[in-house]
Amino acid sequence: MSLTPDVTTPGPDLVAPATVAVIGTGAIGQDLISKIDRSRALDCRLVAGRNPDSAGLRHAERFGYPASAAGIDAILAAERPFDIVFDATNAASHRHHWRLLEPLGTLVVDLTPSGVGQMVVPTVTGVGVATGRNVNLISCGGQASVPIVHALATRFPATYIEVVSTVASTIAGRATRLNLDEYVATTEHAVTTYSGVSAVKAILNISPAVPPATFRTAVHARIPGADPAAIRATVDEAAARVRSFAPGYAVTACTVVDDRVTVAVQVLAHSDVLPHYAGNLDIINSAAVMVAEQHAAATGRTVRAEAHR
């Protein structure tokens, strides 16, 4: 879903789509490239990694995008700064990248759990002209859970919230495993921030199951006097908003026993390059593109006449 105007033929008084670059050529980077290619509000000008033999660089070249193994140096060497840079590396690398990119005035969309920038969840916070230049997408579990958590805590007096996410080990790459501590800390911070509840817990399970486990997230909450019908209506409304940009997002269970509320969410990947069970990567990439499109709309960017594909 694009929030930019439906303009098929930009006039001379309209500016071009937002120019973007991607740093990171793993599974997240490859899927991100495909999603950016389908966006009429974004124009990918560079894909950068550090491994010249990376499948991600070859993937970018198949789309006709410039590709470089010079990493962040390639982005800094561009003739003019990009409007948006997506960082799909890891938390430690992002901290270094941000120090270099901050002076350029670029919007940096951080897909790592670094906790450096302003936390953003598209259907909860949105992105506007007042949003900072470094936006953090929290984590896959954060993107899956915060819309539900925020909706519940806005309407009901929650006293405890726990978020448990499960990802397949085959799709949990090196960056994910390096970032486990950051994942937990950043996700818990987001849950507290967008619920107002201080007693929270975040857990990530990496499942070795065969066949691979589909990405799922369970939200457990204590809500005194919880009404099952009102809880379900609130959850369904929040989920529908997420499906507007991540169509594989679905509520698979919503139960209320006394004051204990459990909401189970499953995310299937809608991707050219990811397996169906990699919904963890799909939802954070879908959120990243939505954030970039919101930024493009807020800054007066228009749309391409046609997407590449």
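Our subject in this report is the structure included herewith. Here the structure is a predicted model, which means the values were calculated and not measured.

A few points about the overall build of the protein chain
Regarding its fold elements, the protein chain presents nine helices and 12 strands. Taken over C-alpha atoms, the radius of gyration comes to 19 Å for the protein chain, in line with the 19 Å a tight globule of 309 residues would show. Seen along its three principal axes, the alpha-carbon backbone of the protein chain occupies a region of about 60 × 45 × 35 Å. A separation threshold of at least 6 residues defines the contact pool for the protein chain, and within that pool the share at least 24 residues apart is 72%. When the accessible surface of the protein chain is summed, it comes to about 12,900 Å², and 52% of that surface belongs to carbon and sulfur atoms.

Description of the environment of Pro 208
Within the secondary structure layout, Pro 208 lies in the loop between strand 9 (200–207) and strand 10 (216–222). Judged by its relative accessible area of 64%, Pro 208 is exposed. Sequence spacing of Pro 208 and Ala 168 is 40 residues, and the spatial spacing of their C-alpha atoms is 6.3 Å.

Points about the side chain of Gln 143
With respect to the helices and strands, Gln 143 occurs in helix 5 (residues 140–155). Within the local environment of Gln 143, its side chain forms a polar contact with the backbone oxygen of Leu 137, the two atoms lying 3.0 Å apart. Those residues in contact with Gln 143 that sit more than four places away from it in its chain are Val 120, Val 121, Pro 122, Leu 137, Ile 283, Ile 284 and Ala 287.

Digging into the environment of Ile 284
Here Ile 284 lies in helix 9 (residues 279–298). We classify Ile 284 as buried; its relative accessible area is 4%. C-alpha separation for the pair Ile 284 and Ala 190, spaced 94 residues apart in sequence, amounts to 14 Å.

Here we look at the sheet that holds strand 4 (residues 84–87)
Adjacent strands of a sheet form backbone hydrogen bonds with each other and so pair up, either parallel or antiparallel. In spatial order, the strands read 3-2-1-4-5-7-6; together these seven strands make up an open sheet with parallel pairing. In this open sheet, the two strands that pair with only one neighbour each are strand 3 (67–68) and strand 6 (118–119). For strand 1 (residues 18–23) and strand 2 (residues 42–48), the ladder comprises six bridges, and the chain directions are parallel. Residue pairing across strands places Val 22 opposite Val 47, the latter belonging to strand 2. On the sheet, helix 4 (residues 91–101) packs against strand 1, strand 4, strand 5 (107–110) and strand 7 (134–136) and is oriented at approximately 175° with respect to strand 5.

As for helix 1 (residues 27–38)
Counted at 1.5 Å a residue, the expected span for helix 1 with its 12 residues is 16 Å, and the 17 Å between its end C-alpha atoms agrees. Those residues of helix 1 not exposed but buried are Gly 29, Gln 30, Asp 31, Leu 32, Ile 33, Ser 34, Lys 35, Ile 36 and Asp 37. Considering only its buried residues, helix 1 is in contact with strand 1, strand 2, helix 2 (55–62), strand 4 and helix 9.

Brief notes about the sheet that holds strand 8 (residues 160–168)
Sheet architecture is open: five strands sit in the order 9-8-10-12-11, paired in mixed fashion. Of all strands in the sheet, those with a lone pairing partner are strand 9 and strand 11 (249–257), marking the two edges. Neighbour-to-neighbour, the strand axes of the sheet open up by a mean angle of 15°, direction not taken into account. In this fold helix 7 (residues 180–195) packs onto strand 8 and strand 9, with an angle of close to 140° to the strand it touches most, strand 9. The sheet contacts of helix 8 (residues 228–243) involve strand 11 and strand 12 (260–267), and relative to strand 11 the element is tilted by about 165°.

Description of the pattern of salt bridges
With the rule as written, the count across this model stands at seven salt bridges. Here Asp 236 makes a salt bridge to Arg 232, at a shortest N to O gap of 3.0 Å. Taken together, the residues span about one helical turn, with Asp 236 and Arg 232 both in helix 8 at a distance of four residues. Among the ionic contacts, a cluster of salt bridges with common partners joins Asp 31, Lys 35 and Asp 282.

Quick look at the side chain of Asn 285
Relative to the helices and strands, Asn 285 resides in helix 9. In terms of polar contacts, Asn 285 uses its side chain to reach the side chain of Asp 31, at 2.9 Å. Filtering out sequence-adjacent residues up to four positions away, Asn 285 remains in contact with Ile 28, Asp 31, Leu 32, Lys 35 and Leu 111.

A short note on the packing of helix 1 against helix 9
Remark: helix 1 packs on helix 9, axes separated minimally by 10 Å, with the N-to-C direction vectors making an angle of 45°. In this view, helix 1 runs oblique relative to helix 9, as classed from their interaxial angle. The two elements helix 1 and helix 9 meet at a crossing, and its hand is right-handed. In contact with Ala 27, Ile 28, Asp 31, Leu 32, Lys 35 and Ile 36 of helix 1, helix 9 contributes Leu 281, Asp 282, Asn 285, Ser 286, Ala 288 and Val 289.

The rules we used
Residues numbered from 1 in each chain as written. Predicted model: local features only at pLDDT ≥ 70, side-chain atom pairs only at ≥ 80, totals over all residues. Heavy atoms only, no water. Helix = DSSP H or I, 4+ residues; strand = E, 2+ residues; numbered from the N terminus. Rg over C-alpha atoms; globule rule 2.2 N^0.38 Å. Contact = heavy atoms within 4.5 Å. Areas by Shrake-Rupley, 256 points an atom, 1.4 Å probe, with all protein chains shown as cover. Buried < 20%, exposed > 50% of the residue type's maximum accessible area, 1.4 Å probe, protein only. Polar contact = N/O pair within 3.5 Å; in protein donor to acceptor, adjacent residues only side chain to side chain. Pairing = 2+ DSSP bridges. Axes fitted to C-alpha atoms, helices over the stretch in contact; angles between N-to-C directions. Expected span 1.5 Å × (residues − 1). Salt bridge = Lys/Arg side-chain N within 4 Å of Asp/Glu carboxyl O. Parallel < 35°, antiparallel > 145°, perpendicular 65-115°, else oblique. Left-handed = near helix turned anticlockwise from the far one by under 90°.

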